[in-house]
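Coordinate analysis (summary)
Each chain, written out:
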Amino acid sequence: MNFYLPTKIITGKDCVKANAVLFKNFGSRCLIVTGKTSAKKCGALNDVTQALDSVGVTYEIFDKITQNPHICDCMEGGKVARETCAEFIIGIGGGSPLDAAKAVAVFATNDIGENDLYAMNLQNKPLKVIAVGTTAGTGSEVTQVSVITSSDGLKKSFRADCSFPALCLGDATYTSFMPDTVMRSTATDALSHCIESYFCKTSNAVSRMFALEGAKNIIKIFKKLDRCENLDFCNREELYIASLYGGIAISVTGTAFPHALGYFLTEDYGVAHGTACAVYLPEFIRYNIENASEVAKDFFEGVGTDSKTLIALIEKTAPKTDISLSEQKAKQLYPRWINNKCISKMYGQMSADKLQDIVIKCIVNGQNL
Ligand code: NAP
Ligand code: FE
């Protein structure tokens, strides 16, 4: 067993304002890192600033973070944090601002370039991060991982225990402002985390428990969406908490081939992260039924849904992509699959050649588009 989760997690309606006093424990001045608009629209930014005002903590707002956050913006955020003497960082948003907040926290205390960030070659400890989630997807609130687009345009991650947020304040009210496609894409990302983590050889009893419970609850929500039922606050909270379970599960195992093969769809074609994972998720399930039948049996018993129903639900719920990729172009991606981290985590005989075959099957032949 190897499990570490240093994040204090508080969820519930109005939990930001109700726990304002906690902000004071982190210092008297902070930097809020967020995206361009949604934190304002969904009310999260207002709740955070009111809470900070109520306990006398001053703040600056850095709202330049875009989707698939770019390294340059994170470096700029770090500079702002230094110049304004921020003592801690509050990230508000989906995975993009939350991941960016973790990078800003590093750059605030370390005068380093991007290579040192990805290698986590640090001179000093990063500032502490408080995560206020507004999507029910990445679970970045409870992971030590941050995915930042590098200067060569590739999505690269860093991972270190010092990058776990210290506090997660999750009010699912914010998630009700997501447009339907964002909600579906981010929920599929959360389900993908649970399923990928469960089928990693690096899983353990704790990660599998969170992965199973998360998957079960997300499948319940997918069934509601399939019946065209509206999600009420309880459903949204259930989905949000399930996304945290997915985050906790991947904090142990990392992700598998749906994530590894999904990144180029985002980098080269602008496909939303969860939608990109969904392209491969049915194939991932089929792969594991064939190569990890006992694990698959436990999984489907645990979630109380058979594989056919689950695959159909994923195909109906996840937003569709309409990219076209020639076999020749798919083959040019091959160097990316050599030594890919996901290979050694998979059951069966996974290899770079098989990863390439999966890309061809799912995208070139359009099986899952
Ligand atoms: P996101 O990129 O943070 O946000 C997607 C879009 O939704 C943005 O336009 C955003 O607006 C908007 N939005 C966010 N919350 C909203 C709300 N409550 N109401 C209305 N609109 C809202 O999406 P995400 O899927 O949560 O994050 C994806 C990123 O996380 C990717 O970069 C992915 O690689 C990373 N990720 C990280 C981990 C991890 O463990 N750290 C795991 C999986 C994925 P604004 O731009 O205005 O904010
Ligand atoms: Fe993800």
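Residues numbered from 1 in each chain as written. Chains lettered and ligands numbered in written order. Predicted model: local features only at pLDDT ≥ 70, side-chain atom pairs only at ≥ 80, totals over all residues. Heavy atoms only, no water.

1. Focus: the packing of aromatic side chains
Filter applied, for reference: Stacked, tilted and edge-to-face are the three classes assigned to paired rings of Phe, Tyr and Trp, where Trp is represented by its six-membered ring and a pair needs centres within 6.5 Å; plane angles under 30 degrees give stacked, over 60 edge-to-face, the rest tilted. Only DSSP runs of H or I reaching four residues or more are called helices, and only runs of E reaching two or more are called strands; each is numbered from the N terminus. The rule is simple: take the accessible area with a 1.4 Å probe, protein chains only, and divide by the maximum for that residue type; under 20% is buried, over 50% is exposed, in between is partly exposed.
Under the defined criterion, the tally for this structure stands at 13 aromatic pairs. Seen in terms of ring centroids, Phe26 and Phe88 are 5.6 Å apart; in terms of plane orientation they differ by 45 degrees. Their pairing is tilted. Here the residue Phe26 occupies a position in the loop between helix 2 (20–23) and strand 2 (29–35), and Phe88 occupies one in strand 4 (residues 88–93), the gap between them amounting to 62 residues. With a relative accessible area of 0%, Phe88 lands in the buried category.

2. Quick word on the pattern of salt bridges
Worth spelling out the cut-off: Salt bridges are counted wherever a side-chain nitrogen of Lys or Arg sits within 4 Å of a carboxyl oxygen of Asp or Glu.
Scanning the model with the defined rule gives 17 salt bridges in all. In this structure, Arg29 and Glu60 form a salt bridge, with 3.4 Å as the shortest nitrogen-oxygen distance. You can see Arg29 sitting in strand 2 and its partner Glu60 sitting in strand 3 (residues 58–65), a full 31 residues away along the chain. The partly exposed category is assigned to Arg29, whose relative accessible area is 24%. Looking at Glu60, the relative accessible area reads 33%, which means it is partly exposed. In this structure, Lys224 and Glu229 form a salt bridge, with 2.8 Å as the shortest nitrogen-oxygen distance. Lys224 sits in the buried class, given a relative accessible area of 19%. According to the relative accessible area criterion, Glu229 is partly exposed, its value standing at 30%. Through salt bridges with shared partners, a single network forms among Lys224, Arg227 and Glu229.

3. Some remarks on the pairing of strand 4
Filter applied, for reference: Strands pair, by our definition, only if DSSP identifies at least two bridges between them.
Within strand 4, 6 of the 6 residues are buried, leaving the element largely enclosed by the surrounding structure. Side-chain alternation along strand 4 places Phe88, Ile90 and Ile92 on one buried face and Ile89, Gly91 and Gly93 on a second face that is also buried. The pairing of strand 2 with strand 4 spans 5 bridges and is classified as parallel. Considered in strand 4, the bridge of Thr34 is made with Ile92. Pairing between strand 4 and strand 5 (residues 128–133): 6 bridges, direction parallel. Within strand 5, the position partnered with Phe88 by the bridge is Lys128.

4. A short note on the site of ligand 1
The line we're drawing: What makes a residue near a molecule or strand is one non-hydrogen atom of that residue sitting within 4 Å of it. By the criterion applied in these results, polar contacts are pairs of N or O atoms within 3.5 Å in which, for protein atoms, one can donate a hydrogen and the other can accept it, and in which residues neighboring in sequence qualify only through two side-chain atoms. Here the accessible surface of atoms and residues is derived via Shrake-Rupley with a 1.4 Å probe, and residues count as covered only by protein chains that are part of the display. Residues are grouped as follows: Ala, Val, Leu, Ile, Met, Phe, Trp, Tyr, Cys and Pro are nonpolar; Asp, Glu, Lys and Arg are charged; every other residue, Gly included, is polar.
Ligand 1 sits among 30 residues. The nearest are Gly95, Ser96, Asp99, Thr134 and Thr135. The contact in question runs from an oxygen atom of ligand 1 to an N or O atom on the side chain of Ser38, over 2.8 Å. Thr143 is positioned such that a nitrogen or oxygen atom in its side chain is 3.0 Å from an oxygen atom of ligand 1. Expressed as a share of its isolated accessible area of 950 Å², the protein-covered part of ligand 1 is 90%. Of all the secondary-structure elements, those providing two or more residues to the shell around ligand 1 are helix 6 (95–109), strand 6 (145–149) and helix 8 (180–198). Partitioned by chemical class, the residues of the shell around ligand 1 number 10 nonpolar, 16 polar and 4 charged.

Note that every value here comes from positions in space, so none of it alone points to a role or purpose.
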